[in-house]
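So the chains spell out like this:
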Amino acid sequence: MIITEHINKRFGNQQVLKDVHIMCRPGACIALIGPNGSGKTTLIKSILQMVLPDTGKVIFQGEDITGQWSYRAKIGFMPQMTRYPENMSIGEVMSMMIDIRKDQKNLDEELIDQYHLKEIYYKRMGTLSGGMRQKVGACLAFLFQPDILILDEPTAGLDPLSSEILKQKILKEKAKGKSTIISSHVLSELDEMITEVIYMQDGQVLFQKTLEDLQQETHEVKLSKMIAKIIA
Ligand SMILES: Nc1ncnc2c1ncn2[C@@H]1O[C@H](COP(=O)(O)OP(=O)(O)OP(=O)(O)O)[C@@H](O)[C@H]1O
């Protein structure tokens, strides 16, 4: 369970997060959506303490995580842009991440196999296409079998087949009861995956609702139509 309580964050004179309160229950698969610049990535980074909120706190599995780091090992994070040393090969990045972690035994290499990543382990990060970088990021997010997945625009730049492979992987983990937060602008790809929606606008959470509630309110089946009706 992740709860953010009254999170505020300002960059310069811009208030980027305004009193943000969200809840990610065990087993939930949450779509984090909203216009460009509405604060989705900043919220995700706040949960991971890559951005430190000015006020408010993040509660992870019942504990305030301020100043703590061990909880991060329970989260598989796929950033919007994967940044690793350009001179390292994919294989070296993978080995480095595995060496850093103590829990090397239960590695989930399913995505590595499905993306045939080992065949290009020799390639240097600096030479990879955007989609290839995304695949490396996706493989790392799932590698250590985290309890919670936080995926920031995971399919951006992926070809259709690779997107589908990732979607199926997310669904598989969801079926195991894992919690997932997915930020995406491609609402159609979220339809079959999600149980809840958090909609952000201008740094505020406009609403957090279950898919069932949205369906009942709007009498729509597709997420894009539900959202269009709600924010109209
Ligand atoms: N490090 C930073 N310094 C200054 N401003 C920042 C920083 N990070 C984000 N911002 C600003 O905060 C606002 C929210 O950005 P954020 O990346 O959280 O939005 P987003 O909802 O994820 O957008 P997108 O859908 O385009 O990815 C934007 O106006 C952005 O310019």
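My aim in this report is to walk through the structure given alongside it, one point at a time. (Residues numbered from 1 in each chain as written. Predicted model: local features only at pLDDT ≥ 70, side-chain atom pairs only at ≥ 80, totals over all residues. Heavy atoms only, no water.)

**Quick notes on the overall build of the protein chain**
What counts is decided by this rule: Going along the chain from the N terminus, every DSSP run of H or I of four or more residues is numbered as a helix, and every run of E of two or more is numbered as a strand. Within these notes, the globule rule equals 2.2 Å times the number of residues to the 0.38 power, and the radius of gyration is based on C-alpha atoms. Three labels apply to residues, based on accessible area from a 1.4 Å probe with only protein chains included: buried if under 20% of the type maximum, exposed if over 50%, partly exposed otherwise in between. By definition in these notes, contact holds between two residues if any of their heavy atoms fall within 4.5 Å. All tallies of charge rest on Lys and Arg as positive and Asp and Glu as negative; His and the ends of each chain are not included. Lysine's charge is taken at NZ, arginine's at CZ, aspartate's at CG and glutamate's at CD.
Helix and strand counts for the protein chain come out as seven helices and ten strands. Over its C-alpha atoms the protein chain spans a radius of gyration of 18 Å, differing by no more than 12% from the 17 Å that the globule rule assigns to 232 residues. Counting only C-alpha atoms, the protein chain reaches 50 × 40 × 35 Å along its principal axes. When burial is assessed residue by residue, the protein chain has 49% of its 232 residues classed as buried. Looking at the protein chain alone, contacts between residues at least 24 apart form 66% of all its contacts between residues at least 6 apart. Here the protein chain contributes 28 positive and 29 negative side-chain charges, whose respective centroids are spaced 3 Å apart.

**So, the sheet that holds strand 5 (residues 63-64)**
What counts here: Two strands are counted as paired when DSSP detects at least two bridges linking them. Each axis is a line fitted through C-alpha atoms, taken for helices only over the stretch in contact, and angles between the N-to-C directions span 0 to 180 degrees.
Here we have four strands laid out as an open sheet, ordered 2-1-4-5, and antiparallel in their pairing. Whereas interior strands pair on both sides, the edge strands pair on one side only; in this sheet they are strand 2 (14-24) and strand 5. Of the strand pairs in this sheet, strand 1 (residues 2-11) and strand 2 are connected by seven bridges, and their pairing is antiparallel. Counted as the bridge partner of Thr4 is Ile22 from strand 2. The strands that helix 1 (residues 40-47) touches are strand 1, strand 2 and strand 4 (55-60); relative to strand 2, the one it contacts most, it runs at about 60°.

**A short note on the packing of aromatic side chains**
Basically, it comes down to this: A pair of Phe, Tyr and Trp rings is counted when the ring centres sit within 6.5 Å of each other, with Trp represented by its six-membered ring. The angle between the planes then sorts it: under 30 degrees is stacked, over 60 is edge-to-face, the rest tilted. Note on criteria: charge over ring means Lys NZ or Arg CZ within 6 Å of the ring centre, with the direction from the centre no more than 35 degrees off the ring normal.
One pass over the full model with this rule turns up two aromatic pairs. On the basis of an interplanar angle of 55° and a centroid distance of 5.4 Å, the ring pair of Phe60 and Tyr71 is categorised as tilted. Placement of the pair is Phe60 in strand 4 and Tyr71 in the loop between strand 5 and strand 6 (75-78), with a sequence separation of eleven residues. For Tyr71, a relative accessible area of 4% puts it in the buried group. On the numbers, 5.7 Å between centres and 15° between planes, the contact of Tyr199 with Phe207 is stacked. On the accessibility criterion, Tyr199 (7% relative accessible area) is buried. Given a relative accessible area of 9%, Phe207 falls into the buried group. Across from the ring centre of Phe144, 4.1 Å away, lies the NZ or CZ of Arg101, which sits over that ring.

**Side note on the sheet that holds strand 7 (residues 148-152)**
Read across the open sheet, the six strands follow the order 6-7-8-3-9-10; overall the sheet is mixed. One side of each edge strand has no neighbouring strand; the edge strands of this open sheet are strand 6 and strand 10 (204-210). Here the strands of the sheet are splayed against their neighbours by 15° on average, with no regard to which way each runs. By the bridge criterion, four bridges tie strand 6 to strand 7 in an arrangement that is parallel. Opposite Phe77, over in strand 7, you have Ile150 as the bridge partner.

**Points about the site of the ligand**
Selection criterion: The nearness test applies per residue and asks whether one of its heavy atoms lies within 4 Å of the molecule or strand. As used in this structure description, the phrase polar contact means that two N or O atoms lie within 3.5 Å; if the pair is within protein, one of them must be able to donate a hydrogen and the other to accept it, and residues adjacent in sequence are counted only when both atoms belong to side chains. Method for areas: the Shrake-Rupley scheme with a 1.4 Å probe, in which residue coverage is limited to the protein chains shown. Residues are grouped as follows: Ala, Val, Leu, Ile, Met, Phe, Trp, Tyr, Cys and Pro are nonpolar; Asp, Glu, Lys and Arg are charged; all remaining types, including Gly, are polar.
Neighbouring the ligand are 14 residues, the closest being Gly37, Lys40, Thr41, Thr42 and His185. Between the ligand and the protein, one listed contact pairs an oxygen atom with a side-chain N or O atom of Asn36 at 2.9 Å. Here Lys40 contributes a side-chain N or O atom positioned 2.7 Å from an oxygen atom of the ligand. Compared with its free state, where it exposes 640 Å², the ligand has 62% of that area covered by protein. Residue assignment for the shell around the ligand shows that the elements contributing at least two residues are strand 2 and helix 1. With three residues, the single largest contributor to the shell around the ligand is helix 1. Of the residues assigned to the shell around the ligand, the class counts are three nonpolar, nine polar and two charged.

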